[in-house]
Amino acid sequence: MQDALININGDQVQVLQILALTTLISLLPSILVMMTSFTRYIIVFSFLRSAMGTQQTPPNMVLVGMALFLTLFTMAPVFGEINTTAYEPYTAGEISQEEFLDRAEGPIKDFMLRQTETTSIHMYCDLADMSRPADGDAAMDLPMRVVIPAFMTSELKRAFEIGFFLYIPFMLIDIVVSATLMSMGMIMLPPSMISMPFKLLLFITLNGWELLFSTLVQGFR
């Protein structure tokens, strides 16, 4: 049985190809998020809000906005290289679509491999029954189906490590406040109500937002 065909500008295109392209376009934002620094930013911001116990402050929209613009700031050199080496020659008609995809893949893959731990790459190479790369140059030959999950695994690990260190100072404040209230016999008073101003004072005194942003941005290779 022949596949269903649709005429587009006189050319016949298979329906399955159109469905595959539509699915890819709908998943493109999620794919781009998983291939950039966005994941680390948004997870660390969520950990910070939980550690401070500020409920919904800052709201989710603000956290996502901060993570998005920091991602654009961090990925600017990568996007600039893709624009120079792939997009501009493609729009000028100098290269084909396949060559455009190959050239665009290089900078983003290089960025992901710089953030990816060797153990994660080896694990996914073993799962895919592929030979482990000997060095960084050999890792560039790995397919994206191996590089992307390895990159995501390393990013999740690093984000949780940062979240752990963010929790420590705020947890110490909670412990001191709880111990003080118990020694004073004020058991019925919620410790979080008293510790909240001290957490905010500590964060403001250390200029926490600038310190956090600079540390996160400089953490990318």
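Fair warning: this is a prediction, and the values are worked out from it, not measured in the lab.

Engineer: Looking at this structure, how should I read helix 4 (residues 97-115)?
Structural biologist: Every α-helix winds through 3.6 residues per turn, so residues three or four apart in the chain are directed the same way. When the terminal C-alpha atoms of helix 4 are compared, their 28 Å separation across 19 residues agrees well with the 27 Å that a helix rising 1.5 Å per residue should span. What helix 4 keeps buried is the set Phe-100, Ala-104, Pro-107, Ile-108, Lys-109, Phe-111, Met-112, Leu-113 and Gln-115.

Engineer: Is there a simple way to think about the packing of aromatic side chains in this case?
Structural biologist: Think of a pair of aromatic rings as described by two things: how far the centres are apart, and how the planes are tilted against each other in angle. Overall, the coordinates contain 10 aromatic pairs when judged by the stated rule. For the pair Tyr-41 and Phe-45, a centre-to-centre distance of 6.4 Å together with 20° between the ring planes defines the contact as stacked. Placement of the pair is Tyr-41 and Phe-45 together in helix 2 (residues 38-52), with a separation of 4 residues, close to one helical turn. Overall, Tyr-41 belongs to the buried group, its relative accessible area being 0%. Ring plane angle 40° and centroid distance 5.7 Å describe the contact between Trp-209 and Phe-213, whose orientation is recorded as tilted. Taken together, the positions of Trp-209 and Phe-213, both in helix 9 (residues 208-218) and 4 residues apart, correspond to about one turn of that helix. With a relative accessible area of 30%, Trp-209 lands in the partly exposed category. Each residue in the set Tyr-41, Phe-45, Phe-111, Phe-151, Phe-203, Trp-209, Phe-213 and Phe-220 is aromatic and connected to the rest through ring pairs, giving one cluster. Between Arg-40 and the ring centre of Phe-220, over which it is positioned, the NZ or CZ distance is 3.8 Å.

Engineer: Can you walk me through the pattern of salt bridges in this structure?
Structural biologist: It is possible for side chains bearing opposite charge to pair when their charged atoms get close. Here the structure, examined in full by the defined rule, presents 8 salt bridges. Here Glu-99 and Arg-103 are joined by a salt bridge, their closest N and O atoms 3.0 Å apart. Of this pair, Glu-99 and Arg-103 both sit in helix 4, separated by 4 residues, roughly a single helical turn. Residue Arg-103 is classed as partly exposed on the basis of its relative accessible area of 33%. In this structure, the salt-bridge partner of Glu-155 is Arg-158, at a minimum N-O distance of 3.5 Å. Note that Glu-155 and Arg-158 are positioned in helix 7 (residues 144-183) at a spacing of 3 residues, about one turn of the helix. Using a relative accessible area of 0% as the deciding quantity, one classes Glu-155 as buried. Each of Arg-40, Glu-117, Glu-155, Lys-157 and Arg-158 takes part in salt bridges that share partners, so that together they form one network.

Engineer: Hey, could you run me through unusual backbone geometry in this one?
Structural biologist: Despite not being glycine, Asp-129 shows a phi value in the positive range, around 60°. As for its placement among the helices and strands, Asp-129 is situated in the loop between helix 5 (118-127) and helix 6 (136-139). The phi torsion at Asn-207 lies on the positive side, around 55°, for a residue other than glycine. Here Asn-207 is to be found in the loop between helix 8 (191-205) and helix 9. Under the relative-accessibility criterion, Asn-207 is labelled partly exposed at 38%.

Engineer: I keep staring at the nonpolar core and nothing clicks. Help me out?
Structural biologist: Nonpolar side chains tend to gather and get buried jointly when the protein is soluble and globular. The biggest cluster of nonpolar side chains holds 43 residues, and the ones touching the most others in it are Phe-45 and Met-112. Of all elements in the fold, only helix 2, helix 3 (60-91), helix 4, helix 5, helix 7 and helix 9 reach the threshold of two or more residues within this core. When sequence neighbours within four positions are dropped, the list of residues in contact with Phe-45 reads Leu-63, Met-66, Ala-67, Leu-70, Leu-212, Phe-213 and Leu-216.

Each value, and the rule that gives it
Residues numbered from 1 in each chain as written. Predicted model: local features only at pLDDT ≥ 70, side-chain atom pairs only at ≥ 80, totals over all residues. Heavy atoms only, no water. Helix = DSSP H or I, 4+ residues; strand = E, 2+ residues; numbered from the N terminus. Expected span 1.5 Å × (residues − 1). Buried < 20%, exposed > 50% of the residue type's maximum accessible area, 1.4 Å probe, protein only. Phe/Tyr/Trp six-rings, centres within 6.5 Å; stacked < 30°, edge-to-face > 60°. Lys NZ or Arg CZ within 6 Å of the ring centre and 35° of its normal. Salt bridge = Lys/Arg side-chain N within 4 Å of Asp/Glu carboxyl O. Core = buried A, V, L, I, M, F, W, Y, C linked by side-chain atoms within 4.5 Å. Contact = heavy atoms within 4.5 Å.

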